[in-house]
Amino acid sequence: QVQLAESGGGSVQVGGSLRLSCEASGGTFDFENLVVGWFRQASGTGREFVATISGTDYYAEHVKGRFFISRDNAKNTVYLQMNRLRAEDTGVYSCAARPRGRVEYEFWGQGTQVTVSS
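Structure report, in brief. (Residues numbered from 1 in each chain as written. Predicted model: local features only at pLDDT ≥ 70, side-chain atom pairs only at ≥ 80, totals over all residues. Heavy atoms only, no water.)

1. Some remarks on the nonpolar core
At step 1: Formed by 29 residues in total, the largest nonpolar core has its most connected members in Trp 38, Leu 80, Met 82 and Tyr 93.
At step 2: Residue contributions to this core peak at four residues, all from strand 3 (residues 18–25). (Core = buried A, V, L, I, M, F, W, Y, C linked by side-chain atoms within 4.5 Å. Buried < 20%, exposed > 50% of the residue type's maximum accessible area, 1.4 Å probe, protein only. Helix = DSSP H or I, 4+ residues; strand = E, 2+ residues; numbered from the N terminus.)

In structure tokens form, the structure reads like this:
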């Protein structure tokens, strides 16, 4: 079983930056073989994909060029650098992980709140 813990959320003004972290722990797992993704959920809406990283990274259209996902396998951690934040980026950001080859994300963190205000 893999536990994921997010950190780095907070309040920031429009145009500002935040860096989120997602640290994996627990059990016996090979972090390098986990695909890790970031998702967000705004109040009253469903969860939406933000970015994912395996060997390469993929982004939702609305964050391309502003958000950057990276990983440090030695620290079992994935980061999401968020720049030029907009009010519509507000929401609870959660990370999730799945073993390579699996389709569904199997492990989820509790989420961290990001609030962008003007």
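2. Re the side chain of Ser 21
At step 1: Among the structural elements, Ser 21 can be located in strand 3.
At step 2: Setting aside chain neighbours within four positions, we find Ser 21 in contact with Ala 5, Glu 6, Ser 7, Trp 38, Thr 77, Val 78 and Tyr 79. (Contact = heavy atoms within 4.5 Å.)

3. Considering the packing of aromatic side chains
At step 1: Using the criterion set out here, one finds four aromatic pairs in the structure.
At step 2: Ring centres of Phe 39 and Phe 49 lie 5.9 Å apart, and the angle between their planes is 70°; on these two criteria the pair is classed as edge-to-face. Residue Phe 39 is found in strand 4 (residues 34–41), and its partner Phe 49 is found in strand 5 (residues 47–53); the two are separated by ten residues along the sequence.
At step 3: On the basis of relative accessibility, which here comes to 11%, the residue Phe 39 falls in the buried class.
At step 4: Cluster of aromatic residues (ring-pair linked, three or more members): Phe 39, Phe 49, Tyr 105 and Trp 108.
At step 5: Geometry around Trp 108 places Arg 47 over its ring, the cationic atom sitting 3.8 Å from the centre. (Phe/Tyr/Trp six-rings, centres within 6.5 Å; stacked < 30°, edge-to-face > 60°. Lys NZ or Arg CZ within 6 Å of the ring centre and 35° of its normal.)

4. Focus on the environment of Leu 18
At step 1: By the element assignment, Leu 18 lies in strand 3.
At step 2: A relative accessible area of 15% places Leu 18 in the buried class.
At step 3: Remark: the alpha-carbon pair of Leu 18 and Asn 83, spanning 65 residues in sequence, is separated by 6.8 Å.
At step 4: If near-sequence neighbours (up to four positions away) are discounted, Leu 18 is found in contact with Gly 8, Gly 10, Val 12, Leu 80, Gln 81, Met 82, Leu 85 and Val 114.

5. Focus: the pairing of strand 7 (residues 67–72)
At step 1: By the alternation rule, side chains of strand 7 split into Phe 67, Ile 69 and Arg 71, which are all buried, and Phe 68, Ser 70 and Asp 72, of which none is buried.
At step 2: With six bridges joining them, strand 7 and strand 8 (residues 77–82) adopt antiparallel strand pairing. Its bridge partner being in strand 8, Ile 69 is matched across the sheet by Leu 80.
At step 3: What sits between the antiparallel neighbours strand 7 and strand 8 is a turn of four residues, in which Asn 76 has the positive phi angle 50°. (Pairing = 2+ DSSP bridges.)

6. What about the pattern of salt bridges?
At step 1: One pass over the structure, following the stated rule, counts five salt bridges.
At step 2: Arg 40 serves as the salt-bridge partner of Glu 48, at 2.5 Å between the closest nitrogen and oxygen.
At step 3: Between Arg 102 and Glu 106 there is a salt bridge; the shortest N-O distance is 2.2 Å.
At step 4: You can call Arg 102 partly exposed: its relative accessible area is 44%.
At step 5: Put simply, Arg 40, Glu 48, Arg 66 and Asp 89 are held in one network by salt bridges that share partners. (Salt bridge = Lys/Arg side-chain N within 4 Å of Asp/Glu carboxyl O.)

7. Some thoughts on the side chain of Thr 112
At step 1: Along the chain, the position of Thr 112 falls in strand 11 (residues 112–117).
At step 2: Within the structure, Thr 112 has its side chain in polar contact with the backbone nitrogen of Gly 9 (distance 3.2 Å). (Polar contact = N/O pair within 3.5 Å; in protein donor to acceptor, adjacent residues only side chain to side chain.)

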